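Coordinate inspection notes
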Amino acid sequence: MASLERPVCQIFSFQDCKTSPDPIFELPAQCLTPTSAPIVIDNGSFQTRAGWGAPVAEFASPRLLFRSVAARSRGAARSETQIGNDITNLEPLRWLLKSQFDRNVVVNFEIQELIFDYVFTHLGVASEGSVEHPMVLTEAPCNPLHCRQMMSELLFECYHVPYVSYGVDGLYSFYYNNYHRNIHPPHTGIVLSSGYHCSHILPVINGRLDAVNCKRVNVAGSQAASYLQRLLHLKYPGHLAAITLSRMEELLHEHSYTAVDYHEELEKWRSPDFYEREVHRMQLPFSGKVPGGCVSVEERQERRAQQLRRLQEINARRREEKLQQDHVRLDKLMAVQELLDDGLLDQFHKSLVELNMDSAEELQSYINKLQLAVEQGRQKLLHSDGAEGKMEVGVTPPNQRKIPMDEGDGVMLMDPDFPEDTLPEKPANVVQPMFNMAEYHQLFVGTERLRCPEILFQPSLTGEDQMGLMETLQYVLARYTPEQQEALVSNVFLTGGNMQYPGMRERVERELLAMRPFQSHFKVTMASQPALDAWYGARDWALEHPPGGAAEGWISRQDYEEKGGEYLSEHCSSNVFIPMKLAKPVAARPAESSITTQTSTAASAGISMITSALTPSCSTVAADVSMVTS
Amino acid sequence: MTVVETVSEVKPAGSVDSGPTATAESTAKPPPFKDPSFMHSGIGGAAAGKKNRTWKNLKQILALERTLPWKLNDPNYYNIDAPPSLKPAKKYSDISGLPANYTDPQTKLRFTSSEEFSYIRLLPTDVVTGYLALRKATCIVP
């Protein structure tokens, strides 16, 4: 490359945020007097947000924010279940994590119950026998009646709440933002809401959801995260374990963006310069102590120097010992020699036999050899003592150190391990590995930065044949008259956690421009806090519409008992309610097949079920009662 | 609700550390605000109220919803699904995500440049099938 300055290399590391357990709040006095304040829960499939709907500035934000997950190890007690922020790091427990959701609908009410327990306990509710607070809860658009029924049953019969109100998260957010933009109700507009599991197109006409024309796209944040995870798994098969879903979510939250024009943006990425500039290198944590020589050069040299020093010490000690031994032996031989000199011949011969020698000459030569060896050893010891201080690492070639061992004569015991120890060092000394450990542990996140958010607009990227978000919007708009279309696009509203990518609004504007008639007007707004506004909207709604009597939007306990669990009192941010008699659940297997026959007698069966459930009897008895009535 | 823990015959190794605390906690009182006699009901719940009951998944719930006497224009969960796309799917490289003009006849992977092609040819088969599965293109018939 001609340019001298290297392109800015963007290296990031994963934050791996840890959550800390939520405190258990005191029940604030303002929430009990004059009336008990509603508890507002945005029951999202990604995160649960809970707080008070009290007109106190202190409670104007959700008190609890936690992932909607529960983890219980097998065989542990139910009370042992960890919920949301109890789990500081999701990854080790990933295989145990359970959610009450299947897609965007609550199906597992046992976990939902645990979540409610957690919320109420942490909000400080400690009343005996019931939760004396109205509840505002979000649900999926067009929530199946069965699910609402189960939810109402849980709230009214387990917690004995006085009132419940259900609304749609995207609509609450729409309500909140319109309110703050001083648009007075009834509102008209079209909401594009994208959450964790599903995205929705929700047309709102005169303050009511036009549910007939609302559509759902089954692509959202979780799909983007798993798509990114899979892509990186395939790109870096060596880092399978390090590419975790939590990190992928972080990548999506912090490093991804929506291309205004996907095709044009990709053409930019084709250029190597652009790639170098824009690629985010994600540094994975790594330790230098990986076996297989994957360490830096300095570390290698340091380690080798240590090994050398150790070997030298061992050698010196061994040499000293040998010298000592030789010395002792020499003294002994000298004593025998003296016997000869003194003329004690028979003693001398006896000693020779003991020493396994034949003649005086042999003894003499042996003594000479030993003397030589001792002298050499002594000199070497002195020499190495002096040299030790100024010994340079790697300078002493191993073969030079080998010489003294070789020149020792037959008597000296060769220590075979020393040369073997040092010899393999030699080639390692020469090789300078250019392997960069840090770079090996970097994930290059290039086009993935825009490729994963793009699946919202092109589900075909993941092989889904469903329409993308904007195509669905066009499809929905086409069902209205031109005047209605005009009114709807004058307030296109984006909300939901998956809409937070930079460039999202521009992208929607661009595509709208392409699909709307020439010189027509439209307005796209983004929620002020896309992920949290549903909660704020629900709180505002609760403040504006206090429960009581037959207030719109609230389901009282009496309503529940008279109209059934699936009953919904509509309001500006709710689903539409289609009166449909749903059989009160009967605890018997054949109920599934006989559901149609039971719908006719549903009302009476439902009531009988409630009364029987109120008495503290076993559920099988209750089932028998309702079986009889049906 | 009295929580009686039926200890499973073999405890997995992972829960050993939480074993003693679990037994101690099993006698912990449920939160005071709950109705102690509450049991979840549930359609088809022979196991209703049992601890190890299985909950219906969304598919089963929707199958149940379909049996209800809906009118033609009633919105409900299963008919608000967006219809299949009418536009042809654009083709992008499986490796780089760039617009792709070529398909490798051997692996069926899409690619944009000769470098990518040589990279594809070096890929092990499990990675190749991984890429294909990612866009649900593992079907044998092309």
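What you see is a predicted model, and the numbers here were worked out from it, not measured in a lab.

Analysis parameters
Residues numbered from 1 in each chain as written. Chains lettered and ligands numbered in written order. Predicted model: local features only at pLDDT ≥ 70, side-chain atom pairs only at ≥ 80, totals over all residues. Heavy atoms only, no water. Helix = DSSP H or I, 4+ residues; strand = E, 2+ residues; numbered from the N terminus. Areas by Shrake-Rupley, 256 points an atom, 1.4 Å probe, with all protein chains shown as cover. Expected span 1.5 Å × (residues − 1). Buried < 20%, exposed > 50% of the residue type's maximum accessible area, 1.4 Å probe, protein only. Pairing = 2+ DSSP bridges. Axes fitted to C-alpha atoms, helices over the stretch in contact; angles between N-to-C directions. Contact = heavy atoms within 4.5 Å. UniProt positions renumbered as here; feature names shortened; annotations may be inferred. Domains from an automatic or database assignment. Right-handed = clockwise from strand over helix to strand, strands pointing away.

This part covers the overall build of chain A. Each helix and strand counted, chain A has 23 helices and 20 strands in total. Surface exposure of chain A reaches about 29,100 Å², of which carbon and sulfur atoms provide 55%.

Before going further, it helps to examine helix H4 (residues 221-235) of chain A. All names here are of chain A. With 15 residues, H4 extends 21 Å between its outermost C-alpha atoms, agreeing within 8% with the 21 Å of an ideal straight helix rising 1.5 Å per residue. Among the 15 residues that make up H4, 11 are buried, leaving the element largely enclosed by the rest of the structure. Regarding H4, the residues found buried are Gly 221, Ser 222, Ala 224, Ala 225, Tyr 227, Leu 228, Gln 229, Leu 231, Leu 232, His 233 and Leu 234.

Turning our eyes to something else, we now look at the sheet that holds strand S17 (residues 442-445) of chain A. Residues and elements named next belong to chain A. Strand order in this open sheet of 3 strands is S1-S16-S17, and the pairing throughout is mixed. Both edges of this open sheet fall to strand S1 (10-13) and S17, since each of them pairs with a single strand only. Each strand axis lies, on average, 30° off the axis of its neighbour in the sheet, ignoring direction. Bridge count for strand S16 (residues 280-283) against S17 is 4 bridges, and the pairing is antiparallel. Bridge pairing in S17 places Gln 283 opposite Gln 442. Packing against the sheet, helix H5 (residues 245-255) makes contact with S1, S16 and S17, and its axis sits at approximately 145° to S16.

Here we come to the UniProt feature "domain: Vps72/YL1 C-terminal" (unreviewed entry) in chain B. Under the feature "domain: Vps72/YL1 C-terminal" (unreviewed entry), the UniProt entry names residues 91-120 of chain B. The distance separating the terminal C-alpha atoms of residues 91-120 of chain B is 17 Å; by composition the span is 23% helix and 13% strand.

What the domain assignment lists for chain A is domain 1 (29-218 + 532-563), domain 2 (221-286 + 441-526) and domain 3 (307-382). The C-alpha-based centres of domain 2 of chain A and domain 3 of chain A are spaced at 86 Å.

Attention now goes to the pairing of strand S10 (residues 135-139) of chain A. Residues and elements named next belong to chain A. Burial within S10 is extensive, with 5 of its 5 residues counted as buried. Residues Met 135, Leu 137 and Glu 139 point to one face of S10 and Val 136 and Thr 138 to the other, with burial holding for every one of them. Where strand S2 (residues 39-43) meets S10, 3 bridges bridge the pair, whose relative direction is parallel. Considered in S10, the bridge of Ile 39 is made with Met 135. You can see the chain leave S10, run along helix H2 (residues 145-158) and come back into strand S11 (residues 163-168), and the turn it takes is right-handed.

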